[in-house]
Amino acid sequence: MRLDAIAYRVHESPRTEPFVIASGSSTSTTNVIVRIESGGLVGTGSACPNSVTKETRDSIVRALAFLARDLRGRSFGKSLELADAMDKALAGNPAAKAGVDIAFHDLRAQEAGVPLYRLLGGGSRDRMPTDMTIGIMSLESAVTKARYWTGRGFRALKVKVGLDAVGDVRRLRAVREAVGPALELRVDGNQGYSLNAALAVAKELPAIGAAVFEQPLPAEDLNGMKVLTEASGVPVIADEMVLTPQDAMRVRWGSCARAVNLKLMKHGGLQRASEVNTVCESAALPAMVGCMGESVVSVAAGLHFALASGNVRWADLDSFFMLERDVAPPLRFEGGDLFAPTAPGLGVRVDESLFG
Ligand SMILES: [Mg+2]
């Protein structure tokens, strides 16, 4: 496919409410929407600034300006060729590259006339349950939120913890009591705990009926994660410590987790995410597919990716529910399941006026 024109636009949206996790808080989101023309087709991608890859709105705009100049007029057959070309032209900047990679995948699936998950090798699975995330807040607010979201159909919740082990356990117990035993409860520490605090919380999680315990310790604390993984009664998931296939290998050889949370923004798009997932799958580490404060554009890409891989067991693709205004209509959500669009490509129709 020849990349005839590459454009991008910054889109900001307030969050429906402030979002607090152990590593920071935010009241708004920024996404840089990418548009690539090829022949008569238009592909759309999106890049989301985030603290994990240390990319900002400005660094993403600079990277996209550079990549647009470098890639314009060039042809790529497979997404691997494009990913390699981007890495050769520019080091790092995985979220910016994800924006281009997603738009390219959109183009390729449109050209093939199939929804993206089909192009990626997916079969009959066209929907997946996603969790809804509950940030760090008072116990009473968390219970209210948990009731609200389960009332809207969610069958899984991800509760953020990591600032206060004792209070966190109390809050998790209260949420469990409020939603009943059937709901899948995921716990994410976002690197906030010390090893001792994480071990104390891990001890309580089986009785609370938590399904997983995600990245409770700092990304660089491989030994702590190993100790915790051995001691924890619920599977420990690595998130912020896995950006590259090499990171996934370190987790595997160091026994630092039992599963990995994949995010298109961390790895550099679908192509690189699939390379990380290949390491995970070969090491018997099942994957979650998660997101940053992303628009529905890249969340849809994450869903297509998740549907196409048998190794992906969990989806945490909820960010677009929390945006005051998005660049495209939301994905279909019913009975706790997120549905892949049926149109060829990504299946997300971005507001025309954005690039008008
Ligand atoms: Mg996480």
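Quick caveat, the model's predicted, so the values are computed rather than measured.

Conventions and cut-offs
- Residues numbered from 1 in each chain as written.
- Predicted model: local features only at pLDDT ≥ 70, side-chain atom pairs only at ≥ 80, totals over all residues.
- Axes fitted to C-alpha atoms, helices over the stretch in contact; angles between N-to-C directions.
- Helix = DSSP H or I, 4+ residues; strand = E, 2+ residues; numbered from the N terminus.
- Parallel < 35°, antiparallel > 145°, perpendicular 65-115°, else oblique.
- Left-handed = near helix turned anticlockwise from the far one by under 90°.
- Contact = placed C-beta atoms within 7 Å.
- Nonpolar A, V, L, I, M, F, W, Y, C, P; charged D, E, K, R; others polar.
- Pairing = 2+ DSSP bridges.
- Domains from an automatic or database assignment.
- Expected span 1.5 Å × (residues − 1).
- Buried ≥ 20, exposed ≤ 12 C-beta atoms within 10 Å, placed from the backbone.
- Arc of directions from axis to C-beta.

So, on to the packing of helix H9 (residues 245–253) against helix H11 (residues 270–282). It is the contact of H9 with H11, at a shortest axis distance of 8 Å, that shows an interaxial angle of 15 degrees. Taken as axis vectors, H9 and H11 run roughly parallel relative to one another. In the crossing of H9 with H11, the sense of the turn from one axis to the other is right-handed. For the pair H9 and H11, the contacting residues are Pro245, Ala248, Met249 and Arg252 in the first and Glu275, Val276, Val279 and Cys280 in the second. Here the contact of H9 with H11 is built from residues that sort into six nonpolar, no polar and two charged.

In this section: the sheet that holds strand E13 (residues 333–334). Here we have three strands laid out as an open sheet, ordered E4-E14-E13, and antiparallel in their pairing. Each edge of the open sheet is held by one strand with a lone partner, namely strand E4 (127–129) and E13. Two strands pair when backbone bridges link them, and E4 and strand E14 (residues 337–339) are joined in this way by three bridges, in the antiparallel orientation. The residue of E14 that forms the bridge with Arg127 is Phe339.

A few words on the environment of Leu139. Structurally, Leu139 can be placed in helix H5 (residues 139–151). Separated by 35 residues in sequence, Leu139 and Ala174 have C-alpha atoms that sit 7.2 Å apart. Residues in contact with Leu139, not counting those within four places in the same chain, are Arg170, Arg171 and Ala174.

This part covers the packing of helix H7 (residues 195–208) against helix H8 (residues 222–231). Each pair of packed helices can be summarised by the angle the axes make with each other and by the distance between the axes. For the pair H7 and H8, interaxial distance at closest approach is 10 Å and the crossing angle is 15 degrees. Between H7 and H8, the angle is such that the two are roughly parallel. Relative to H8, the crossing made by H7 is right-handed. Packed against H7, whose contacting residues are Leu195, Ala198, Leu199 and Ala202, the element H8 presents Gly224, Val227, Leu228 and Ala231 at the interface.

Under the domain assignment, the protein is made up of domain 1 (5–113) and domain 2 (119–339). For domain 1 versus domain 2, the separation of C-alpha centres amounts to 22 Å. Contacts between the two partners involve 34 residues from domain 1, matched on the other side by 35 residues from domain 2. Broken down by element, the residue count for the side of domain 1 that touches domain 2 peaks at ten residues, all from helix H3 (residues 94–112). Looking at the side of domain 1 that touches domain 2 residue by residue, the class counts come to 16 nonpolar, 14 polar and four charged.

Judged by pairing direction, the sheet is parallel, and its eight strands sit side by side in the order E5-E6-E7-E8-E9-E10-E11-E12 without closing on themselves. Among the strands making up the open sheet, the edge pair consists of strand E5 (132–134) and strand E12 (312–315). The mean angle between the axes of side-by-side strands here comes to 30 degrees, regardless of whether they run parallel or antiparallel. Here E5 pairs with strand E6 (residues 156–160) via three bridges, running parallel. Bridge pairing in E6 links Ile134 to Val159. Each of E5 and E6 touches H5; the most contacted strand, E5, lies at about 170 degrees to it.

This part takes up helix H6 (residues 165–179). In this model, H6 (15 residues) spans 21 Å end to end at C-alpha, consistent with the 21 Å of a helix rising 1.5 Å per residue. Restricting attention to buried positions, one finds in H6 the residues Ala165, Asp168, Arg171, Leu172, Val175, Arg176 and Val179. The arc enclosing the buried residues of H6, seen along the axis, measures out at 135 degrees, which places them on a common side. Residues of H6 that are exposed and angled more than 90 degrees away from the buried face: Val166 and Glu177. Those residues of H6 hidden inside the fold are in contact with H5, E6, strand E7 (184–188), H7 and strand E8 (210–214).

Let us look at unusual backbone geometry. Despite not being glycine, Asn93 has its phi angle at roughly 55 degrees, a positive value. Tracing the chain through its elements places Asn93 in the loop between helix H2 (79–89) and H3. Its 23 C-beta neighbours within 10 Å are what place Asn93 among the buried residues. Despite not being glycine, Asn190 shows a phi value in the positive range, around 40 degrees.

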